[in-house]
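Next come the chains, spelled out residue by residue.
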Amino acid sequence: MVETLKIVFSNFQYSILAIGIFVSMLIGLLILSEFIFIEPYFIAHIPQGTEFGFSLIVILSGLSALVLPMNIYRINILKNSKGKMGGSVFGSFIGAAAGACSCGPVGFAIISTFGSVGATSMAFLTNYEIPIRIAAIGLLALTYYATVKSLKVECKLKPR
Amino acid sequence: MKKKGVIIGAIVAIITIGLIATYSSSTETVNLDMGRTHGDVSTAMGSPILGDPSAPITIVEFGDFQCHACYNWFHTHKPAIYEDYIATGKANLVFVDLAFLGRDSPIASQAAYCAEDQERYWDYHDLLYNSQEPKIDNGWANSESLKNFAFSLGLDMDLFESCLDSGKYSKRVQYNVSEAKKHNARATPTFIIVGPDDQQEQFQGGQPYSTFKKIMDNMI
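What you see is a predicted model, and the numbers here were worked out from it, not measured in a lab.

Trainee: I'm lost on the overall build of chain B in this one. Help?
Mentor: Looking only at helices and strands, chain B features nine helices and six strands. Counting only residues that meet the buried cut, chain B has 42% of its 220 residues in that class.

Structural data, given as structure tokens:
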């Protein structure tokens, strides 16, 4: 597993990509979930009782930052199928969507635009925010496992 | 002559009863100040003022009773703001409904105004935020639950139920939502802090005490 990670992230471009994904996803989700405010002043805080939600955001961002570059590596370097890429993008997207609190501007825009359908979907994302995030983390973990396994095999078959 | 007096008496009684009935069903019994504004925000249809009405600073909160961020702010940051600014007469607070999250949101807002009819708006407001459940529209704020909350506060249930069932304050809530949208409130809670010279600072989210302190200390 460590070897596979070394193969991918020894390439400077993939390390930069992973850092970029982690930072942008973490900051974006923390702003959406109101752990960070940028106006009128920059303030970061973790309200009491929201520590678990905060931890899930960090895990989700970390896993996305690992899995997405690994799958891009598979596509670019090994010219392999794009099948596993779907799982990582889907996991990241679903996990991120679950963080978009319906109280926030995103929820307001969706509800205002799509009416009751938008309200129902936002209510679902808000009501099941934690389980959806856990499911997204599970999906990313599975994709990570499958990617590492296939990279091991493929790298052995097609050594560079 | 006696017969004539009875007829006149009956007519006067009928007119009086008619006037009372009309008046009680169509007029809000609260002291609405239709010209009440804070900065450029019309708060005429909003909540009663929490704190000293003549305080130099007014915090206008656009909120939804089903909003989790409002719930977090209510429990985590509002108590310190109340203690340091509202209770000391430095600031007051008005709640204006931006009830958009679910089908029960506008009804919850209307119920709070029905409680205002019995001069218990803030008790009812606080009870709703103390009773909020994590799931939107799961029934915790439906009509039946709202009546149970009123009962637990010891409100006159005949008055409360007739107020809620008649939708007496639905237009008031709609007005508040349109006022919120007019001021570009696109999230709950959104705050507008209005200072003594009508200077305004608007921001989104259930921001911590330190944000309010910085803004208000600069205004005083």
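Trainee: Where do I start with the interface of chain B and chain A in this structure?
Mentor: The extent of an interface is frequently quoted as the accessible surface area lost upon association of the parts. Counting from both sides, the interface comprises 27 residues of chain B and, opposite them, 21 residues of chain A. At the level of secondary structure, the elements contributing two or more residues to the side of chain B that touches chain A comprise helix H2 (68–76), strand E6 (200–204) and helix H9 (209–219) of chain B. With five residues, H2 of chain B is the largest single contributor of residues to the side of chain B that touches chain A. Residues of the side of chain B that touches chain A, tallied by class, amount to 11 nonpolar, 11 polar and five charged.

Trainee: Sorry if this is basic, but what is going on with helix H5 (residues 121–131) of chain B here?
Mentor: Spacing of three or four residues puts side chains on the same side of an α-helix, whose turn is 3.6 residues. Residues and elements named next belong to chain B. Along H5, the positions that sit buried rather than exposed are Tyr 124, His 125 and Leu 128. Down the axis of H5, the buried set is contained in an arc of 105°. They therefore lie on one face. In the core, the buried residues of H5 are packed alongside strand E4 (91–97), helix H4 (104–116) and helix H6 (143–152).

Trainee: What should I look at first to understand the pairing of strand E3 (residues 57–63) of chain B in this one?
Mentor: In regular strands, side chains alternate between the two faces of the sheet. Residue and element names in this part refer to chain B. Most of E3 sits out of view: seven of its seven residues are buried. A two-sided burial pattern is seen for E3, the buried positions comprising Ile 57, Ile 59, Glu 61 and Gly 63 on one face and Thr 58, Val 60 and Phe 62 on the other. The pairing of E3 with E4 spans seven bridges and is classified as parallel. Note on E4: the bridge partner recorded for Glu 61 is Phe 95. Taken together, the five bridges between E3 and strand E5 (residues 190–194) define a ladder with antiparallel strand orientation. From the neighbouring strand, Phe 62 faces E5, where its bridge partner is Thr 190.

Trainee: What should I look at first to understand the nonpolar core in this one?
Mentor: Soluble globular proteins: nonpolar side chains tend toward being buried together. Val 60, Ala 108, Ala 111, Cys 114, Leu 146 and Ile 193 of chain B are the most contacted members of the largest nonpolar core, which has 63 residues in total. Counting residues per element, this core draws most heavily on H4 of chain B, which supplies seven residues. Counting residues in hydrophobic clusters, the runner-up holds 20 residues, among them Val 8, Leu 29, Leu 60 and Leu 66 of chain A.

Trainee: Teacher, can you tell me more about the sheet that holds E3 of chain B here?
Mentor: Strand pairs in the sheet, formed through backbone hydrogen bonds, run parallel or antiparallel to each other. Residue and element names in this part refer to chain B. With mixed pairing, the four strands of this open sheet are ordered in space as E4-E3-E5-E6. The two strands at the open ends of the sheet, each matched to only one other strand, are E4 and E6. Each strand of the sheet is rotated relative to its neighbour by a mean of 15°, with strand direction disregarded.

Trainee: What is the right way to read the packing of H4 of chain B against H6 of chain B from this model?
Mentor: Each pair of packed helices can be summarised by the angle the axes make with each other and by the distance between the axes. Residues and elements named next belong to chain B. Interhelical geometry of H4 versus H6 gives an angle of 25° and a closest axis separation of 10 Å. In this view, H4 runs roughly parallel relative to H6, as classed from their interaxial angle. Judged by the twist between their axes, the crossing of H4 over H6 is right-handed. Facing Ile 107, Ala 108, Ala 111 and Ala 115 of H4, the residues of H6 in contact are Ser 143, Leu 146 and Ala 150.

Trainee: I'm lost on unusual backbone geometry in this one. Help?
Mentor: A negative phi angle characterises most non-glycine residues, just as the trans form characterises most peptide bonds. Glu 39 of chain A connects to Pro 40 of chain A through a cis peptide bond whose omega is -5°. For Pro 40 of chain A, the position within the fold is in the loop between strand E1 (36–37) and strand E2 (43–44). At the junction of Thr 188 of chain B and Pro 189 of chain B, the peptide bond is cis and its omega measures out at -5° in the coordinates. Along the chain, the position of Pro 189 of chain B falls in the loop between helix H8 (170–182) and E5. For Glu 119 of chain B, which is not glycine, the phi torsion reads 55° and is therefore positive. Within the fold, Glu 119 of chain B resides in the loop between H4 and H5. One non-glycine residue with positive phi stands out, namely Asn 184 of chain B, at about 60°. Mapped onto the fold, Asn 184 of chain B is located in the loop between H8 and E5.

About the cut-offs
- Residues numbered from 1 in each chain as written.
- Chains lettered and ligands numbered in written order.
- Predicted model: local features only at pLDDT ≥ 70, side-chain atom pairs only at ≥ 80, totals over all residues.
- Helix = DSSP H or I, 4+ residues; strand = E, 2+ residues; numbered from the N terminus.
- Buried ≥ 20, exposed ≤ 12 C-beta atoms within 10 Å, placed from the backbone.
- Contact = placed C-beta atoms within 7 Å.
- Nonpolar A, V, L, I, M, F, W, Y, C, P; charged D, E, K, R; others polar.
- Arc of directions from axis to C-beta.
- Pairing = 2+ DSSP bridges.
- Core = buried A, V, L, I, M, F, W, Y, C linked by C-beta atoms within 7 Å.
- Axes fitted to C-alpha atoms, helices over the stretch in contact; angles between N-to-C directions.
- Parallel < 35°, antiparallel > 145°, perpendicular 65-115°, else oblique.
- Left-handed = near helix turned anticlockwise from the far one by under 90°.

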